[in-house]
Amino acid sequence: MAVEVCYKVVRDGVERMTFTSKKEADAYDKMLDIAEALETMLGEVDVPLSEQQNEALALEMAKRKDQFIAALKGGKPTPPNNKAKVTDIKKVS
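This text gives an overview of the structure that appears in the document. (Residues numbered from 1 in each chain as written. Predicted model: local features only at pLDDT ≥ 70, side-chain atom pairs only at ≥ 80, totals over all residues. Heavy atoms only, no water.)

Remarks on the pattern of salt bridges
Stage number 1. With the rule as written, the count across this model stands at eight salt bridges.
Stage number 2. The residue aspartate 29 makes a salt bridge to arginine 11 at a minimum N-O spacing of 2.8 Å. Of this pair, aspartate 29 sits in helix H1 (residues 22–42) while arginine 11 sits in strand E1 (residues 7–11); the two residues are 18 residues apart in sequence, bridging distant segments of the chain.
Stage number 3. The residue aspartate 26 makes a salt bridge to lysine 22 at a minimum N-O spacing of 3.0 Å. Of this pair, aspartate 26 and lysine 22 both sit in helix H1, four residues apart, roughly one helical turn.
Stage number 4. For aspartate 26, a relative accessible area of 42% puts it in the partly exposed group. (Salt bridge = Lys/Arg side-chain N within 4 Å of Asp/Glu carboxyl O. Helix = DSSP H or I, 4+ residues; strand = E, 2+ residues; numbered from the N terminus. Buried < 20%, exposed > 50% of the residue type's maximum accessible area, 1.4 Å probe, protein only.)

The structure is reproduced here in structure tokens:
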């Protein structure tokens, strides 16, 4: 019998993703925290976005936060890293 350790990210009672390492689960959870903060900010701008558009835009910005930070500092956005990221992991149904 094999023992398998998995880490689940749960938000509002809904299981979002399952990971095999705590580091990946923590990184995904942090990305969701950033997306939630961005969603609040986007809701306060004078650009008409639907709730779904607001949520999708906030999530994409959170996924690419390093590129956005570089662009906001006036530099060129950094190219995406080719290493596997949290977003590459399949969602749990």
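A short note on the environment of alanine 58
Stage number 1. Structurally, the position occupied by alanine 58 is in helix H2 (residues 51–63).
Stage number 2. The exposure class assigned to alanine 58 is buried, which follows from its relative accessible area of 0%.
Stage number 3. Between the alpha carbons of alanine 58 and alanine 37 there is a distance of 8.2 Å; along the sequence they are 21 residues apart.

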